[in-house]
Amino acid sequence: MYMCQEKSVTQQDFLDLKSKVDWLEIHGASAMTRKTMWLVGEGCRCPYNYGKQHQVNAMTFPDWFLVMAKRWLGCLNLNGEDDRLIQDKDAMFPDCVNLNLYETGEHQVAWHSDDEPLFRGKFQDARIISVTLGASRKFQVGLKAPRRGGILKPERGSVANFNLGHGQICTMEGLFQKHYLHQIQKGTTRQPRINATFRYIVEHAEGCPLRRLALESKRELKHQRAHAVVELTLSQWEKGQRKGLMATVVKDWHKYAEVSASNGRKVRGAGTLEEKLLLATLRLCLHGWRGHLGVLRARASAKELHESMEMQRLNLVFVLWRLCNMEEKKEQAFGQVAEISAIAYELQQAQTSLLEEKILLEGKVEKAFEALQKELQTKEELAAELREAYSKQAMCRVCILSTLCLRTPSPPPPNIIP
Ligand SMILES: O=C(O)CCC(=O)C(=O)O
Ligand SMILES: [Fe+2]
């Protein structure tokens, strides 16, 4: 147990809780004993039982409550939100709370332990953090005595008293709920007291969606463990080591049966092909060993014994072979997929570089074409100039010739006198 005084718990918190919570009355044999409320984390649907008569449905933590609860428990550094996401489960914020309202000293809660299956407090560390608001009351703790007539009572002389006043945090942990009882005795006060008892749900109730999630991750873990054990068993078997093998197989057969059990029903043969093969392997191991023992007990002949062992070995080898085969095929398929994607990647790269080259070449061709066109144009212009020059030259020549002709004196007329 750990106790401390928390300053951040305010009187206003007490008033808010008293007025905002939809309190449920808990009745004892003759009168109301206290009022309660059960709040849970997001997604959880676990109901809570107050004795045998009262079962309340889950209500998700209202935001206003979470704000104040985080303030109260701030000193404990419980900052993890979701146990499926955080690694350090010890740092998780509680995922449920039981609220108690004791309106006067007449209200009480009798000797009990918080050992409901939800918290698995009988089997493992169960952390409970209680916060008191309002009037102070005597909280008693005592060692659990063997039940007499079904009534829970503490061992004589083992009871310790604690005064839980406003802002007091009190924890119970370890196997406290297995070995100890606690109670809030009737008192003389007329003032009301509220107690918030934060807890952690380990095994979500049937019908709660979080149970499925938890089972799935547990199943996966157990499956891996069973797988490893079967592999080890088979390798030992193959090496001819048989000592202690039966114990392992029998132990893990149960483990595996648990793995394939769902909602208390055994679903034999359910699951993937691999799971079925594992199950078959274990069955064969068991079957083989049972046969082996039966044969031994009946003092059967060495031949029979030998045959049964041989049969078993063959069966095991066969299953092992199938497992290996599957594994190999899987690996091959993975390899092929990897190869194909590498080729596809290369092709894509090649296609991209070809496209780039094409674009480059197109650019070059266009430029060359433009240059050619320019050259052609220049040549045509030159040719035109040349033609013009020629025609001018020709004209000039004609002019010169005609001028020459005009200037040349005409020859004297021929002498026609005899
Ligand atoms: O009121 C308290 O301090 C104790 C409450 C309690 O034991 C419970 O809610 O289980
Ligand atoms: Fe309790």
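Residues numbered from 1 in each chain as written. Chains lettered and ligands numbered in written order. Predicted model: local features only at pLDDT ≥ 70, side-chain atom pairs only at ≥ 80, totals over all residues. Heavy atoms only, no water.

**Q** Which residues make up the sheet that holds strand β8 (residues 109-112), and what values do they have?
**A** Pairing is antiparallel in the open sheet, where four strands are placed in the order β8-β13-β10-β11. The open sheet is flanked by β8 and β11 (160-164), the only strands paired with a single partner. Taking the axes of each pair of neighbouring strands and ignoring which way they run, one obtains an average angle of 15° across the sheet. In terms of strand pairing, strand β10 (residues 137-143) meets strand β13 (residues 180-184) through five bridges, oriented antiparallel. Among the inter-strand pairings, L143 is bridged to a residue of β13, identified as Y180. (Pairing = 2+ DSSP bridges. Helix = DSSP H or I, 4+ residues; strand = E, 2+ residues; numbered from the N terminus. Axes fitted to C-alpha atoms, helices over the stretch in contact; angles between N-to-C directions.)

**Q** Go over the environment of S113 with me, naming the residues and quoting the values.
**A** You can see S113 is positioned in the loop between β8 and β9 (128-134). Not counting the four nearest positions on each side in its chain, S113 is found in contact with K144, Q177, Y180, L181 and H182. Within the structure, the side chain of S113 is placed 3.3 Å from the side chain of K144, a separation counted as a polar contact. (Contact = heavy atoms within 4.5 Å. Polar contact = N/O pair within 3.5 Å; in protein donor to acceptor, adjacent residues only side chain to side chain.)

**Q** I'd like a description of a nonpolar patch on the surface, backed by residues and values.
**A** Together, I400, L401 and L404 line one region of the surface with nonpolar side chains, adding up to about 300 Å² of accessible area. Residue placement: I400 occurs in helix α7 (residues 302-407). Since its relative accessible area comes to 51%, I400 is described here as exposed. (Patch = residues over 30% accessible without salt bridge, like charges linked within 9 Å, V, L, I, M, F, W, Y side chains within 5 Å. Areas by Shrake-Rupley, 256 points an atom, 1.4 Å probe, with all protein chains shown as cover. Salt bridge = Lys/Arg side-chain N within 4 Å of Asp/Glu carboxyl O. Buried < 20%, exposed > 50% of the residue type's maximum accessible area, 1.4 Å probe, protein only.)

**Q** Run through the coordination of the iron ion (ligand 2), naming residues and quoting values.
**A** Each protein donor to the iron ion (ligand 2) is listed here as H112 (NE2), D114 (OD) and H182 (NE2); together their distances run 2.1 to 2.3 Å. Mapped onto the sequence, the residues coordinating the iron ion (ligand 2) show the spacing H-x1-D-x67-H. For H112, a relative accessible area of 21% translates into the label partly exposed. (Donors = N, O, S within 2.8 Å, 3.2 Å for Na, K, Ca; no water.)

**Q** Tell me about the pairing of β9, and name the residues and values.
**A** The buried fraction of β9 amounts to seven of the seven residues, a majority that puts the element mostly inside the structure. Sheet topology places β9 next to strand β12 (residues 168-172); four bridges connect them, and they run antiparallel. Each bridged residue has a counterpart across the sheet, and for I129 the counterpart in β12 is T171. With six bridges joining them, β9 and strand β14 (residues 193-199) adopt antiparallel strand pairing. The residue of β14 that forms the bridge with I129 is F198.

**Q** Break down the site of ligand 1 for me, citing the residues and quoting the values.
**A** In the vicinity of ligand 1, the contacting residues are N98, N100, Y102, H112, D114, H182, I184, R193, N195, T197 and R199. At 2.6 Å from an oxygen atom of ligand 1 is found a side-chain nitrogen or oxygen belonging to Y102. A distance of 3.0 Å separates an oxygen atom of ligand 1 from a polar side-chain atom of H182. Protein contacts shield 96% of the accessible area of ligand 1, which totals 290 Å² for the unbound molecule. Residue assignment for the shell around ligand 1 shows that the elements contributing at least two residues are β7 (96-102), β13 and β14. (Near = heavy atom within 4 Å.)

**Q** Give me helix α2 (residues 63-72): which residues, what numbers.
**A** In an α-helix there are 3.6 residues to a turn, and that puts residues three or four apart on one side. Considered for burial, the residues of α2 that qualify are F65, M68, A69 and W72. Taken down its axis, α2 places every buried residue within 100° of arc, on the same side. Turned more than 90 degrees off the buried face of α2, the exposed positions are D63 and V67. Packed against the buried residues of α2 are α1 (11-20), β3 (32-40), β7, β9, β12 and β14. (Arc of directions from axis to C-beta.)

**Q** I'd like a rundown of the UniProt feature "coiled-coil region" (unreviewed entry) in the chain, residues and numbers included.
**A** Under the UniProt annotation, "coiled-coil region" (unreviewed entry) lies at residues 365-392. Between the first and last C-alpha atoms of residues 365-392 the distance is 40 Å; the span itself is 100% helix and 0% strand. (UniProt positions renumbered as here; feature names shortened; annotations may be inferred.)

**Q** Quick rundown of the packing of α1 against α2? Include the residues and the values.
**A** Between α1 and α2, the shortest axis-to-axis distance is 12 Å and the interhelical angle comes to 145°. In this structure, α1 crosses over α2, and the sense of that crossing is left-handed. Residues D13, D16, L17 and K20 of α1 form the contact with α2, whose own contacting residues are W64, F65, M68, R71 and W72. Each residue belonging to the contact of α1 with α2 can be placed in one class, and the counts come to five nonpolar, no polar and four charged. (Left-handed = near helix turned anticlockwise from the far one by under 90°. Nonpolar A, V, L, I, M, F, W, Y, C, P; charged D, E, K, R; others polar.)

**Q** Can you lay out the state of the cysteines for me, pointing to particular residues and giving the numbers?
**A** Under the counting rule described, the total for this entry stands at zero disulfides. Among the cysteines around C4, which has no disulfide bond, C75 carries the closest sulfur, lying 4.7 Å off. Counting only cysteine sulfurs, C44 is the nearest neighbor of C46, a cysteine outside any disulfide, at a range of 3.7 Å. Exposure remark for C46: the relative accessible area of 0% places this residue in the buried category. (Disulfide = S-S within 2.5 Å.)

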